[in-house]
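The chain contents come next:
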Amino acid sequence: MSNPNNPRSSSHQHTLKVGTFTCAWCGLTVSTFAADGTRRNHCPSCLHSQHVTDHVEGGTSECRARMTPIAIAVLRTGDWMVIHRCVRCDELTSNPVCTDDNQLILMRIAVRPLAQAPFPLEAFGTL
Amino acid sequence: MPRRKLPRERNRLRRPQRHKDVLHTQGGHRGNAFRCVGCRLEVSPDAPGTAHRNHCPTCLTSLHVDHRVPGDRASGCRGRMEALSLSVRQDGEWMIIHHCLSCGELSANRIAGDDNALALVRLAVRPLRDTTMASRTLLTL
């Protein structure tokens, strides 16, 4: 990396992406980068994350508490985002889903509003 | 992995609403009616079912005025916040996740009793409307 004349080491694509973190909820050891090279910040098995970035003021956060997945948001491009909420300080973050995320949990979060509706949904069938 | 509570136990304890200790009079802002930035509807602050109305009941648009604590009116952004998605609390309450269009901040608020049901359901089915992602998810199950 330090030698710019070496074409092989100057490219970021060739740097070795290793590193793991332990999930704060299920304890799974997860590699920091997914198979397609994108950086992941939540556990692919239970989708829980950890509060390490302060999104209100920027920079790192000293909270470091667990963040639970609470909602699925859809971008204009059609991609899904997972919205996490910190269990300690209630901050919300949104992160793109990875391809190897647990699809069962993703689908459960996506359909949970319709499963627990506060008003009857039958009237919308006629619309 | 820690076990979750049974759903029956979960329903029994209803969470009380957050105590309203924020300074609606001290900060100098109006604690009363507001005009929606999305549809210009004049919205009164008393809503059925909640004491913390922060969005228009018709178009669900909100305004980014709170910083960290809900109701502190400490944010200088004042951007428009669009409803992004819905989440469900453990006790079955729906929460709207708002997303600030100017700074990207997220916030959550409970739905009120007079919120537009059609707008809420449109928001709820939004992850399932796009068939490519939803069917790919279902196929891998």
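Cut-offs and rules
- Residues numbered from 1 in each chain as written.
- Chains lettered and ligands numbered in written order.
- Predicted model: local features only at pLDDT ≥ 70, side-chain atom pairs only at ≥ 80, totals over all residues.
- Heavy atoms only, no water.
- Phe/Tyr/Trp six-rings, centres within 6.5 Å; stacked < 30°, edge-to-face > 60°.
- Helix = DSSP H or I, 4+ residues; strand = E, 2+ residues; numbered from the N terminus.
- Buried < 20%, exposed > 50% of the residue type's maximum accessible area, 1.4 Å probe, protein only.
- Pairing = 2+ DSSP bridges.
- Contact = heavy atoms within 4.5 Å.
- Axes fitted to C-alpha atoms, helices over the stretch in contact; angles between N-to-C directions.

Going by what an unreviewed UniProt entry lists, chain B is known as RNHCP domain protein and is assigned to Wenjunlia vitaminophila.

Under an unreviewed UniProt entry, chain A has the name RNHCP domain protein and belongs to Wenjunlia vitaminophila.

## Side note on the packing of aromatic side chains
Two aromatic rings are characterised by how far apart their centres lie and by the angle between their planes. Counted under the stated rule, the structure contains 2 aromatic pairs over all chains. The interplanar angle of 50 degrees and the centroid separation of 6.2 Å between the aromatic rings of A:F119 and A:F124 together place this pair among those described as tilted. Ring centres of A:F119 and B:W94 lie 5.6 Å apart, and the angle between their planes is 65 degrees; this geometry places the pair in the edge-to-face category. On the criterion of chain membership, the pair formed by A:F119 in the segment after α2 (103-115) and B:W94 in strand β5 (residues 94-100) is interchain, its members lying in two chains. Accessibility assignment for this pair places A:F119 and B:W94 in one class, buried. Three or more aromatic residues link up through ring pairs in this structure, and these residues are A:F119, A:F124 and B:W94.

## Overview of the sheet that holds strand β6 (residues 92-96) of chain A
Residues and elements named next belong to chain A. Taken in spatial order, the 4 strands line up as β3-β4-β5-β6 in an open sheet, and their pairing is antiparallel. The strands lining the two open edges of the sheet, one partner per strand, are β3 (49-50) and β6. Running over the sheet, α2 touches β4 (66-74) and β5 (80-86) and is turned about 65 degrees from β4.

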